[in-house]
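These are the residues of each chain, in order.
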Amino acid sequence: MKIKARVDCNDEKYVTDEIDISPLTPEQINNYCTDEYLDIFQHKHRVPDVWRYIVEVSNIDINIIPVDKTIPLSDFNDRPAADAAGPNILLILESPHKSEYKHDKKNFTLKPKAPAQGYTGRNIESFISDILKKISDLSNGSYNLIISNPVPYLCSLGIFTDKLNTKVRDNVWNAVWNITNEKGEYVIREEFIARCKHYRPEYIINCCTANLKMNITDCLLTHGFSNNLYTAYHPSAWKYQSREQLNILKVKEID
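(A) The overall build of the chain, seen in detail. On a plain count of helices and strands, the chain comes out with five helices and 16 strands. Dimensions along the principal axes, computed over C-alpha positions, put the chain at roughly 55 × 40 × 30 Å. The long-range fraction of contacts in the chain, counting pairs at least 24 apart against all pairs at least 6 apart in sequence, stands at 73%. In the form shown here, the chain has an accessible surface area of approximately 12600 Å², with 45% of it arising from carbon and sulfur atoms. Counting 31 positive and 34 negative side-chain charges, the chain places the centres of these two groups 5 Å from one another.

(B) Highlighting the nonpolar core. One finds Ile21, Ile40, Phe41, Leu157, Val172 and Leu220 to be the most contacted residues of the largest nonpolar core, which totals 53 residues. For this core, the elements supplying multiple residues, two or more each, are β2 (5-9), β6 (37-41), β10 (88-92), α3 (166-177), α4 (187-199) and α5 (213-222). If sequence neighbours within four positions are ignored, Ile21 has contacts with Met1, Ile3, Ile29, Leu157, Val168 and Val172. Counting residues in hydrophobic clusters, the runner-up holds 30 residues, among them Val55, Ile128, Leu138 and Ile147.

(C) Main features of unusual backbone geometry. Here the bond from Ser22 into Pro23 is cis, since omega is 15°, no more than 30 degrees from zero. Relative to the assigned elements, Pro23 resides in the loop between β4 (19-20) and α1 (26-29). Across the junction of Gly86 and Pro87, the peptide omega takes the value 0°, indicating a cis bond. The topology assignment puts Pro87 in the loop between β9 (79-80) and β10. Here the phi dihedral of Phe108 falls at roughly 55°; this positive angle occurs in a residue that is not glycine. Residue placement: Phe108 occurs in the loop between β11 (101-104) and β12 (109-112). Since its relative accessible area comes to 35%, Phe108 is described here as partly exposed. Even without being a glycine, Asn228 presents a positive backbone phi close to 55°.

The rules behind the values
- Residues numbered from 1 in each chain as written.
- Predicted model: local features only at pLDDT ≥ 70, side-chain atom pairs only at ≥ 80, totals over all residues.
- Heavy atoms only, no water.
- Helix = DSSP H or I, 4+ residues; strand = E, 2+ residues; numbered from the N terminus.
- Contact = heavy atoms within 4.5 Å.
- Areas by Shrake-Rupley, 256 points an atom, 1.4 Å probe, with all protein chains shown as cover.
- Lys, Arg positive; Asp, Glu negative; His and termini not counted.
- Charge placed at Lys NZ, Arg CZ, Asp CG, Glu CD.
- Core = buried A, V, L, I, M, F, W, Y, C linked by side-chain atoms within 4.5 Å.
- Buried < 20%, exposed > 50% of the residue type's maximum accessible area, 1.4 Å probe, protein only.

The structure is reproduced here in structure tokens:
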């Protein structure tokens, strides 16, 4: 099945190109459509970036401290990312999945919680210090760890599927990522970059899933985020490596 989607960005509404969301059927998504457009990418469905931890770095020691919680629905001690005054470390995922929402199946409503809930969040909690220890030039000091989704909407369509369908997720994510306005500007990318500029991160760790990772890296490099830019596996995979094998790579600057 193919369908177009409506997407909110900066108080404007956009429409994607057709997206292949097979094996989903019209019957599964009808209650979440408006005028034949998939309509779950409204501003009220946006999962906000969060400030989750304070990272204290002292030589080889890294101490991870939860912040005071102000986002009630989150499974973790989260605050709005805008509360983090810096210096900041930005951990980038790709888009929320069903764990990041409270879903009312009877009333067909979605309430966003926060990024990296459930399994992904628990892996970040358990392994982030090991990941950060692999950054050889991580300077001593105190940092705020911010977690961000470049596309802050439910690209996996996880409320309709029994388990994660990566093909559906990637198809939807790419369609949303590539939305342009009448000037040919990539509005979702530009909105993501505006967030990054606001955070002014000292370090960026791109933990996006494999098939989409280069989209994020290229976008960051194009917009000047080449200093202390790293890539790592998505946190959902961290548990399957030993702590010694957890891998993080520094991205070379564009010549």
